[in-house]
Amino acid sequence: MLRRTTLLAGIAGLLAACQLSDQPTAAGSDAQNRKPDFASDPTPPTVQHQVDRVRAATKAFKKFTFATDAATAGGGGYTVQVTDCMEHLPLGTMGFHYANADLLDASLDPLKPEALLYEPVRGGGFKLVGVEYLVPYNAWTSPTPPMLFGQSFLRNDTFKVWALHFWIWTENPSGYFADWNPLVSCHRAATP
């Protein structure tokens with residue numbers, strides 16, 4: 001339990017560090033400068049297939065209470081609020097991060113992301129906008145970064161975490177795997 005609490009604190013710090021700087025956070029990290037990965041064909045069939053699979057696996061979590069319900073999540077649930085709504089304009093927003101501490105290990109299952117990304121909505125509540133895959137350094141023994149969907153995870157040496165965003169529930173003109181999404185907002189809940 002202490003290890004997971006420490007890890008979640010590290011993840012919160014990682015995300016806060018990303019929010020404060022538009023420069024890469026570690027050598028070889030290009031999180032902020034990542035362009036659309038599929039410029040010539042925004043949604044090739046192989047990517048659309050992955051989007052469809054992950055959407056099917058996370059569809060129930062569009063209802064926020066299902067994400068935080070341990071029984072629905074098949075484990076600890078997405079009960080750990082890792083961040084408040086994260087925004088870094090003009091690059092965009094990540095939203096609120098809710099993690100499932102039971103998934104924070106070296107296992108990579110595209111259908112079980114370690115964190116869900118939520119945007120606040122008018123009238124209260126949250127809208128699921130994307131997912132994030134997280135792997136702690138101390139769990140990853142390979143000399144190469146973790147990979148999913150043909151994408152290398154980005155590293156942060158300060159917090160010892162690998163991370164990959166996947167914007168499957170809200171379009172992202174910066175690309176499916178960009179860290180920030182300019183179409184997501186932390187301020188919709190306050191809009192009349």
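Residues numbered from 1 in each chain as written. Predicted model: local features only at pLDDT ≥ 70, side-chain atom pairs only at ≥ 80, totals over all residues. Heavy atoms only, no water.

The next subject is the overall build of the protein chain. For the protein chain, the count of helices and strands is four helices and eight strands. Secondary structure elements of the protein chain occur, N-terminal to C-terminal, as α-α-α-α-β-β-β-β-β-β-β-β. Counting every position in the protein chain, which comprises 192 residues, the buried fraction comes to 46%. For the protein chain, long-range pairs separated by at least 24 residues make up 58% of all intrachain contacts whose partners lie at least 6 apart in sequence. (Helix = DSSP H or I, 4+ residues; strand = E, 2+ residues; numbered from the N terminus. Buried < 20%, exposed > 50% of the residue type's maximum accessible area, 1.4 Å probe, protein only. Contact = heavy atoms within 4.5 Å.)

We now examine the nonpolar core. Side chains of a nonpolar character, in soluble globular proteins, are inclined to be buried together. Grouped together as the largest cluster of nonpolar side chains are 28 residues, with contacts concentrated most on Leu-116, Tyr-118, Tyr-133, Phe-149 and Phe-166. Only α2 (45–58), β2 (92–99), β3 (115–120), β4 (126–136) and β8 (161–166) provide two or more residues apiece to this core. In terms of residue count, β4 provides more of this core than any other element does, four residues in total. Not counting residues up to four positions away in its chain, the partners in contact with Leu-116 are Phe-61, Ala-67, Tyr-78, Phe-96, His-97, Tyr-98, Leu-128, Gly-130 and Val-131. Within the second largest apolar cluster, seven residues are counted, among which are Val-82, Ala-99, Ala-115 and Ala-163. (Core = buried A, V, L, I, M, F, W, Y, C linked by side-chain atoms within 4.5 Å.)

Let us now look at unusual backbone geometry. In this structure, Pro-90 follows Leu-89 across a cis peptide bond, with omega equal to 10°. Counting through the fold element by element, Pro-90 comes out in the loop between β1 (80–88) and β2. A positive phi angle, close to 55°, is found at Phe-149, a residue other than glycine. Position of Phe-149 among the secondary structure elements: in the loop between β5 (147–148) and β6 (151–152). Residue classification places Phe-149 among the buried positions, given a relative accessible area of 19%.

Okay, the environment of Ala-99 next. Checked against the element boundaries, Ala-99 lands in strand β2. You can call Ala-99 buried: its relative accessible area is 0%. Along the primary structure Ala-99 and Thr-79 are separated by 20 residues, whereas in three dimensions their C-alpha atoms are 6.4 Å apart.

We now examine a positive patch on the surface. On the surface, a cluster of positive charge is made up of Arg-55, Lys-59, Lys-62 and Lys-127. The class for Lys-59 is exposed, based on a relative accessible area of 56%. (Patch = residues over 30% accessible without salt bridge, like charges linked within 9 Å, V, L, I, M, F, W, Y side chains within 5 Å. Areas by Shrake-Rupley, 256 points an atom, 1.4 Å probe, with all protein chains shown as cover. Salt bridge = Lys/Arg side-chain N within 4 Å of Asp/Glu carboxyl O. Lys, Arg positive; Asp, Glu negative; His and termini not counted. Charge placed at Lys NZ, Arg CZ, Asp CG, Glu CD.)

In this model α2 runs 20 Å from its N-terminal to its C-terminal C-alpha over 14 residues, within 8% of the 20 Å that 1.5 Å per residue would give. Next to the buried residues of α2 lie β4 and β8. (Expected span 1.5 Å × (residues − 1).)

Below, the discussion takes up the side chain of Thr-58. Assignment of secondary structure puts Thr-58 in helix α2. Overall, Thr-58 belongs to the buried group, its relative accessible area being 0%. Of note is the side chain of Thr-58, whose polar atom sits 3.1 Å from the side chain of Trp-169. If near-sequence neighbours (up to four positions away) are discounted, Thr-58 is found in contact with Pro-113, Leu-128, Val-131, Ile-168 and Trp-169. (Polar contact = N/O pair within 3.5 Å; in protein donor to acceptor, adjacent residues only side chain to side chain.)

Considering the arrangement of structural elements, one finds Ser-185 in the segment after β8. Within the structure, Ser-185 has its side chain in polar contact with the backbone nitrogen of His-187 (distance 2.9 Å). With sequence-adjacent residues up to four places away left out, Ser-185 is seen in contact with Cys-85, Thr-93, Glu-119 and Pro-120.

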